[in-house]
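Each chain is listed here by its residues.
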Amino acid sequence: AQSVSQHNHHVILSEAASLELGCNYSYGGTVNLFWYVQYPGQHLQLLLKYFSGDPLVKGIKGFEAEFIKSKFSFNLRKPSVQWSDTAEYFCASNHDYKLSFGAGTTVTVRA
Amino acid sequence: GAGVSQTPSNKVTEKGKYVELRCDPISGHTALYWYRQSLGQGPEFLIYFQGTGAADDSGLPNDRFFAVRPEGSVSTLKIQRTERGDSAVYLCASSLSGGGDEQFFGPGTRLTVL
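Residues numbered from 1 in each chain as written. Chains lettered and ligands numbered in written order. Predicted model: local features only at pLDDT ≥ 70, side-chain atom pairs only at ≥ 80, totals over all residues. Heavy atoms only, no water.

Caption draft 1: Here's a closer look at the nonpolar core. Of all hydrophobic cores here, the largest spans 27 residues; its most connected members are A:Trp35, A:Leu48, A:Phe74, A:Leu76 and A:Tyr89. Residues contacting A:Leu76, with those up to four places away along its chain left out, are A:Leu19, A:Glu20, A:Leu21, A:Trp35, A:Leu47, A:Leu48, A:Phe63, A:Glu64, A:Ala65 and A:Tyr89. Listed in part, the 20 residues of the second largest apolar core include B:Cys23, B:Leu77, B:Ile79 and B:Tyr90. (Core = buried A, V, L, I, M, F, W, Y, C linked by side-chain atoms within 4.5 Å. Buried < 20%, exposed > 50% of the residue type's maximum accessible area, 1.4 Å probe, protein only. Contact = heavy atoms within 4.5 Å.)

Caption draft 2: Focus on the state of the cysteines. Under the counting rule described, the total for this entry stands at 2 disulfides over all chains. Across the disulfide, A:Cys23 is cross-linked to A:Cys91 (sulfur-sulfur distance 1.9 Å). Taking the sign of the S-S torsion, about -70° here, the bridge from A:Cys23 to A:Cys91 comes out left-handed. Taken together, the residues A:Cys23 in strand 4 (residues 23–25) and A:Cys91 in strand 10 (residues 87–94) connect sequence positions 68 residues apart. A:Cys91 carries the same exposure label as A:Cys23, and that label is buried. Paired through a disulfide, B:Cys23 and B:Cys92 show a sulfur-sulfur distance of 1.8 Å. Classification of the bridge connecting B:Cys23 and B:Cys92 rests on its S-S torsion, roughly -65°, and on that basis the disulfide is left-handed. Here B:Cys23 is found in strand 3 (residues 19–24), whereas its partner B:Cys92 is found in strand 9 (residues 88–95), with 69 residues between them in sequence. (Disulfide = S-S within 2.5 Å. Helix = DSSP H or I, 4+ residues; strand = E, 2+ residues; numbered from the N terminus.)

Caption draft 3: Up close: the sheet that holds strand 8 (residues 75–79) of chain B. All names here are of chain B. The 4 strands lie next to each other as 1-3-8-7, forming an open sheet whose pairing is antiparallel. Of all the strands in the sheet, just strand 1 (5–7) and strand 7 (65–68) have a single pairing partner and so form its edges. Each strand of the sheet is rotated relative to its neighbour by a mean of 15°, with strand direction disregarded. (Pairing = 2+ DSSP bridges. Axes fitted to C-alpha atoms, helices over the stretch in contact; angles between N-to-C directions.)

Caption draft 4: The layout of surface pockets, seen in detail. Of the pockets and cavities examined, the largest pocket occupies roughly 570 Å³. Around the largest pocket, the lining comprises 28 residues; the ones closest to its centre are A:Gln38, A:Glu88, B:Gln37, B:Val89 and B:Arg110. Secondary-structure elements contributing two or more residues to the lining of the largest pocket are strand 10 and strand 12 (105–110) of chain A together with strand 9 and strand 11 (109–113) of chain B. No other element matches strand 11 of chain B, which puts 4 residues into the lining of the largest pocket. By residue class, the composition of the lining of the largest pocket is 9 nonpolar, 17 polar and 2 charged. (1 Å grid on protein atoms, 1.4 Å probe; cavity = no way out; pocket = protein on both sides within 12 Å on 5 of 7 lines; lining within 4 Å. Points joined across faces, edges and corners; volume = space filled by probe spheres on them. Nonpolar A, V, L, I, M, F, W, Y, C, P; charged D, E, K, R; others polar.)

Take a look at the structure:
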């Protein structure tokens, strides 16, 4: 069975600070990896995804993530956050169709 | 519509009652998923439809939960004899054809069982 763990439950940052959210997955075979974001009052939206190829994946709104197979990790990064990045972030994996999500990280960006 | 829609957005019911939650996927998407998100947790898989058939219902917690998708489009999640522990946000997602396709999520139905 797959599982996904996210290292941080709540992160508080100031604007322009850099952000890195940790994610580790457990499945040892071929796996697809995703980061979803949920802004306050909105539904889950895909930030970026990794299926194969270049392990550095660029997504929307300046986010990127790096797949490191040897560490079973898929950490999310953004060099300079904005107040509008305040949201909950979920890492997820699948190897067929059903997504397995981490518990989520709440990111609060102070203006 | 442009995205996945779910109704109602909120549902409050009493313990022991029956509820139905509806999901309208993106037009043309053959795959439909239900997830449940409890407070402080990520979404958990419940059931996956490919067309009209439930391809995987292994995430349904018990036989009080049932879902249908009779015409391969709209789906209804049905919960019998609701319990307080069923309180959660129920999310629906759809994708073009299943597999590793991107799943597009609806806004969810917040179910509260008193």
